[in-house]
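# A structural walkthrough
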Amino acid sequence: MPSLEHHDTIRAVAWDAGILRLLDQRRLPFIETYLQCRCADDVAVAIRDLAVRGAPAIGIAAAWGVVLAARRGETFAAAIATLRAARPTAVNLQWALDRMHTRVAEGADADMLEREAQAIQAEDLAANRRMGELGAALLAPGSGVLTHCNTGSLATAGFGTALGVIRAGFACGKIVHVYAGETRPWLQGARLTMWELQRDGIPATLIADSAAAHLMKTRSNTAGAVQWVIVGADRIAANGDTANKIGTCQLAICARHHGVKFMVVAPSSTCDASTPSGDRIEIELRDPDELLSMAGQRTVVSGAQAWNPVFDVTPHSLIDAIVTERGVIERPDAARLRAVLGA
Ligand code: MRU
């Protein structure tokens, strides 16, 4: 694998002498500014309001929120409960808080909790590098791919999950072109993924979310067009059903219809063996106002209603491969997931 250092330059979550600094993703791509979180409540608000977002990144930020609570002498139970309630769908948030809670219950002091948060962050970066290698190995040279939402350095400790596979695939010549869906209503694809890809010099084309079926239909047989859809995940149930950004399921349906392969890339911290199938995953509903306006400008007639679920569930039968740092699960089902991930 060629050197990937110049593909790993962004850090969205940084611990800096007792303060958690979060790259404010609401203001990207035009303004690069950091929020400073000094208590667990600051972190919970940043997660809820999407200043930090992406399943692994919110887990890491929440772990640092527990460290802030320890440093300030806050009540752990209250701090953890507030952080836990910030967003419901990404299991990484619960996973990281469970891990910190276990250390608290063992009597860990603030220094020990700081080391645990650092370990969570370092393990995520290492997992992303490994998944990059494993995912890129599935691709044929000269491939084009379509991705959705943002799964890059901004959404993780660094490098990214699906975007990590894209980075690794580009570095070794497997990927020659990337299409990114804009990801209405919050525009993670347009604002964040295009920013990351352009910084890395990876050839990328933005499409409207509604152009995906047409892209697959007209270009799936063209060299450098779309042979794979590669996405991340917020929670993978025990049978492989996968919750991810709203619009992912329709991409999987289109991909199967057009003979395009569908890959999910996520660390084992996103896999939730206690949720048997996708219909048991809570889907976050956000404020309808996110749909009724754009860039602060109302676009819909006043009095109109909107429904704003921000994740959906792709059935495991539509997924060709789930890539984790522990291995690749092809044609995933409960038995195949257990074989790679354990119980
Ligand atoms: O609402 P967001 O921006 O937090 O949603 C993010 C996604 O859906 C990502 O695809 C997922 O968290 C994986 S990020 C590595």
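About the cut-offs
- Residue positions are given per chain, counting from 1 as you read along its sequence in written order.
- Restriction of local features to residues with pLDDT of at least 70 applies here, the model being predicted, together with a cutoff of 80 or more for giving and counting side-chain atom pairs; totals for whole chains, interfaces and linings are based on all residues.
- By convention in this description, side-chain values take in all heavy atoms of the structure and omit both hydrogens and water.
- A pair of strands is labelled paired if DSSP reports no fewer than 2 bridges between them.
- The way it works is that DSSP assigns letters per residue, a run of H or I at least four long becomes a helix, a run of E at least two long becomes a strand, and they are numbered from the N terminus.
- Helix span is expected to be 1.5 Å times the residue number reduced by one.
- For each residue, the accessible area found with a 1.4 Å probe, counting protein chains only, is set against the maximum for its type, and the residue is called buried under 20%, exposed over 50%, and partly exposed in between.
- Any residue with at least one heavy atom within 4 Å of a molecule or strand is counted as near it.
- Think of a polar contact as two N or O atoms within 3.5 Å of one another; within protein, one of them needs to be a possible hydrogen donor and the other a possible acceptor, and neighboring residues in sequence only count if both atoms come from side chains.
- Here, Shrake-Rupley sampling with a 1.4 Å probe gives the accessible areas, and only protein chains in the shown set may cover a residue.
- Every definition here rests on a 1 Å grid over the protein atoms only: cavities are sets of points where a 1.4 Å probe fits but cannot get out, pockets are open sets enclosed by protein on both sides within 12 Å along at least five of seven lines, and lining residues have some atom within 4 Å of a point.
- A cavity or pocket is said to hold a molecule if more than half of that molecule's atoms lie within 2 Å of its grid points.
- In the scheme used here, Gly and all other residues not listed as nonpolar or charged are polar, with Ala, Val, Leu, Ile, Met, Phe, Trp, Tyr, Cys and Pro taken as nonpolar and Asp, Glu, Lys and Arg as charged.

## Brief notes about the sheet that holds strand β11 (residues 271-272)
With mixed pairing, the 4 strands of this open sheet are ordered in space as β11-β8-β9-β14. Edge positions in the open sheet fall to β11 and β14 (311-314), since each of these has one partner strand only. Relative to β14, strand β9 (residues 242-245) is paired through 4 bridges, and the arrangement is antiparallel. Within β14, the position partnered with Ala 243 by the bridge is Val 313.

## Quick look at helix α2 (residues 55-72)
Taking 1.5 Å of rise per residue, the 18 residues of α2 would be expected to cover 26 Å, and the 26 Å separating its terminal C-alpha atoms lies within 8% of that figure. The buried count for α2 comes to 15 of 18 residues, which makes it a mostly enclosed element. In the segment just after α2, Gly 73 is the residue with positive phi, at about 70°.

## A short note on the pairing of β9
Regular strands place their side chains on alternate faces of the sheet. Examined bridge by bridge, strand β8 (residues 235-237) and β9 share 2 bridges and lie antiparallel to one another. What sits directly across from Ile 236, in β9, is Thr 242. Taken together, β8 and the strand that follows it, β9, pair antiparallel across an intervening segment of 4 residues, in which Gly 240 is found at a positive phi of about 95°.

## As for the site of the ligand
Close to the ligand lie 17 residues; Arg 53, Arg 87, Asp 234, Asn 244 and Lys 245 are nearest. In the model, an oxygen atom of the ligand is placed 2.8 Å from a nitrogen or oxygen of the Gln 188 side chain. Separating an oxygen atom of the ligand from a side-chain N or O atom of Lys 245 is a distance of 2.8 Å. Protein coverage of the free-state accessible area of the ligand, which is 420 Å², stands at 99%. One can see that the ligand is located within the largest cavity. Among the secondary structure elements, those contributing two or more residues to the shell around the ligand are α2 and β9. Here the shell around the ligand is built from residues that sort into 6 nonpolar, 7 polar and 4 charged.

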